[in-house]
Every structure is written in C-alpha cells, then in structure tokens.
Amino acid sequence: MSESSGTPRRGSVRRVLVAVLGTLSLAAAAATAATLPASASAPTPPTGWSQVFADDFGGAAGSGVNTTNWQYTTGTSYPGGPANFGTGEVETMTSSTSNVALDGNGNLLITPRRDASGNWTSGRIETKRTDFEPPAGGKLRMEARIQMPNVTGAAAKGYWPAFWALGAPYRGNYQNWPGVGELDIMENVQGLNTEWATMHCGTNPGGPCNETSGIGNNTPCTGTTCQAGFHTYAMEWDRSTSPEEIRFYLDGVNFHTVKASQVDATTWANATNHGYFMILNVAMGGGFPGAFGGGPDSGTEPGHPMVVDYVQVLSAAGSGDGGGGTTPPPTGNRDAYSAIQAESYDSQSGVVTETTTDTGGGQDIGTIANGDYAVYKGVNFGSSTATQFYGRVASGAAGGVSGLVEVRLDSRTSTPVASFALANTGGWQSWRTVPANMSSVTGTHDVYLTFTSGQPADFVNVNWFDFGH
C-alpha cells in the first residue's frame, strides 16, 4: 500500500483468479447466510500463543478510536513523504468521525465520503506501537476480521481498502520504502471478490522483490463474498522454520508464502530485522485500482465503510531448536462465522481432497461414506450463541443412497449438535448450501464433521461450512 503497491503478481495458487477479474461473478453471496454481526471479542489464542495486542472496537456509536492504541494519519502524505502517499490515491485522510468511527456494536467503520465539489475524504489509522515482530525462533501473527466495503461493480470504482503493516524504520523517515519492508495482509480494489496479499522489499523499481508489484498472490473469498460478509485475514511471520518465512491466510487457509530464500540475505535482513506497525485504511484511486479500471468517477458511490470487528497480534515463543526446525502452521484460531474450507482439516479418516468446480475453485473433500470424519481444531464461536450450521455440499450418489452430515464438538463420539440429510443433488460437483438448526453453542471447540449412512456407498462431497446466530 505504501508508495505504490502496483499490481501484485497473479501466479497460480489454489484459488487464483483468472483473466483480468473484471467479469468475476459474485453470485456466491446469494447462497449463504446474511452478513453476520461483530464477535463479542477477539478469539482466544490457541495453545502456545499469547496475545500481545488487541482492539475489539467497543465504544459508543460515533466515537473515535482508542488513541492509546492508534494514531490518525491525516492529509495526503506523511510530512516530507511522497505526495498522495506515493500511490496516486486521491482522497484526503481525516480524523473526523464521519470517516473513522465506532458503530456502537463492536465494529470500526472507515468510510470514504465525497463532498459537493467531488472531493474525497477517508480514514487511515496506524498502531502507535512499532515493535511487532516474532521472538527469536518464534512466531508472530497479525489478524483482523473484516468486511470490505459492501459495494460492487461501477459503484465501487476506485475503492481500495487495506489491512497492512510497515517496517518501523519507515515512521519518521518516509523515504526508505520498500527496503524496510511492507506486509500487505489484505488489499482489495474495485469491489472485486478478491483479496491480495503481498510482501514489498528490496529496491524500487525492480530489484529482488519485483517492485513496485512486490511478491504477492491473491485468492477469492468463499462462503460469502469479501463484500457481503466478514472474513478473517491474517499473516504469520515464522522464525521457527528454516528458511524463515511469512505466510498469508484467508479464513485460516494459507494461500501465499514468502520464504527468506526467495531473496538475498541482505534484502531479507533489511526488511525483517526490526518491528512493524499496523495500518487500517480505505484509499480512493491510485495505482492499484488504476490497474483494474481506474479511480473513482461520477458513478462511484461514497459512504460504504470497511467494517473491522477486531484486530489482534499473537506471539509464540521459540521451541529452543535455534530456528532450525520445520513446523507446520498452528492449528486452531478458526472463526466459526467465516467459511471454513473443508480441505483445511487437522485430521481425517476416509476422505480425500480433490479439485472443485464450485464458485471460487480450489478443493473440496470427497469419497465420503458412512463412518468417515474430518476434524477442525479451535473453532471460536464467541460469547454470542450460534444456532445455525451451513454446509456447502454436493452429491452424485446413486438412487436410494443418502446420509447425514453431522457436527459434533470435541469428540467424534459426542452427541451431534447439528445435522442434515443429503441425497443426490445432481452430481458430485452440483453444489448447494444446506442450512440446519443447531443446539446453542458458545466458546471454542474442536469441530468434528462426521458422516453417517445406512449404505456403504459414498454419498457426499463438502466444500466449506460455517455457522450463524
């Protein structure tokens, strides 16, 4: 986001978009539950992790942010920094509660506005702390639950919401980008159902990090679109692996990883041998939207906020192996109210992953029959009771073959808290979202999807599932 994020590389990933994205369908939104409210609090850290920063954005409607945690960036540039924040964006950032305010329901709203003369204002806040980095041999996780501005098509032209972080040496200098590093955890433009994640480093233009594009990738939101509902966006910076790596996640699914071995040692050290500060903002126009159709015009609708439920930073201590081990991404810390990809299980019996043709692409789990199951650890339901279960399923089962998709908590043999029956839907890739009532659930649990049938034949594929109030 700083200087010029440009257009991140669009390589091949598990859920990569194709072509220029301009014809992307947003039809998936109609198949899911309505937009969900804010969680009561940030999720409880999984075992081995500790919370080092959090803001749940509680407070009176119309009030500003907690200035113990955040500072406002105002105007069109940093003092002595490049004009228009180096990106070509056209808004003026303000500290006005018309642009940055709490909604009284546990959300932060960052709202672009346009005045009668056509001038845009918006909001940009940064953490006062600049010391977020992993301990030696340990890990750091930055995470936020966000609904992007709920506007699409021509009305979204020029919108550029983002959740990102800059290397601490940038603050007060403003001329040392991209060498000091930038981690774009979530960027979105033009109301597309896509999130981009990028690491910026090295020199500009070109250099080892391909600036101004950076080392990036993208993926669509599934379940609900990025604009129609909340999703969880996260970055894990891992010094316990060799080589060190930075991973980016959407709803708990790792879709982009940057390893220290991808660049020379000096470039990596310059970008990572210091802390970072976090930023939330909605820009209007600039180089990135320009790559997908241009900045705001008379058809752009003002007043659509980026809605932030919470932001938190977690830290995990080193394992004592000097950082030479290789550890998988931690399990748990899943948001019950964002789509949980079925193939992201922590363990399973009897299922396989396969490519899906469902909206968004990627993978589903299949060859599921009686007695099979999959486990998803650390699903956080919060303190507001969950009463609904939604499963994205398909079936090409033969006539007379059917079964139950069941949800059990903390044990494969516990009593199901929700279930629905399924028979042939028209084919193994003929998808539908099936709702089911659920016993009241709060807190954090390991979720078991279990499958029960009176016949031995396969009866269901699952692409994703989530929960509702």
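Small disclaimer: the values here were computed from a predicted structure and weren't measured.

(A) Examining the environment of Pro305 more closely. As for its placement among the helices and strands, Pro305 is situated in the loop between helix H2 (287–290) and strand E18 (306–316). What makes Pro305 partly exposed here is its relative accessible area of 21%.

(B) Structural context of the pairing of strand E29 (residues 444–452). Pairing of strand E24 (residues 373–380) with E29 involves 6 bridges; the strand directions are antiparallel. Across the sheet, the residue bridging to Asn380 is Thr444, located in E29. Relative to E29, strand E26 (residues 403–409) runs antiparallel, the two sharing 6 bridges. Residue pairing in the sheet places Leu409 in a bridge with Val447 of E29.

(C) Spatial organisation of the environment of Glu143. Looking at the secondary structure, you find Glu143 in strand E9 (residues 139–147). A residue is classified by how much of its surface remains accessible, and Glu143, at 1% relative accessible area, is buried. With 106 residues separating them in the primary sequence, Glu143 and Tyr249 have C-alpha atoms 9.1 Å apart. Among all residues touching Glu143, those that are not within four sequence positions of it are Pro43, Phe163, Thr232, Tyr233, Ala234, Tyr310, Val311, Gln312 and Asn333. Only 2.9 Å separates the side chain of Glu143 from the side chain of Arg141, close enough to count as a polar contact. Among the polar contacts made by the side chain of Glu143, one reaches the side chain of Tyr310 at a distance of 2.7 Å.

Rules used throughout
Residues numbered from 1 in each chain as written. Predicted model: local features only at pLDDT ≥ 70, side-chain atom pairs only at ≥ 80, totals over all residues. Heavy atoms only, no water. Helix = DSSP H or I, 4+ residues; strand = E, 2+ residues; numbered from the N terminus. Buried < 20%, exposed > 50% of the residue type's maximum accessible area, 1.4 Å probe, protein only. Pairing = 2+ DSSP bridges. Contact = heavy atoms within 4.5 Å. Polar contact = N/O pair within 3.5 Å; in protein donor to acceptor, adjacent residues only side chain to side chain.

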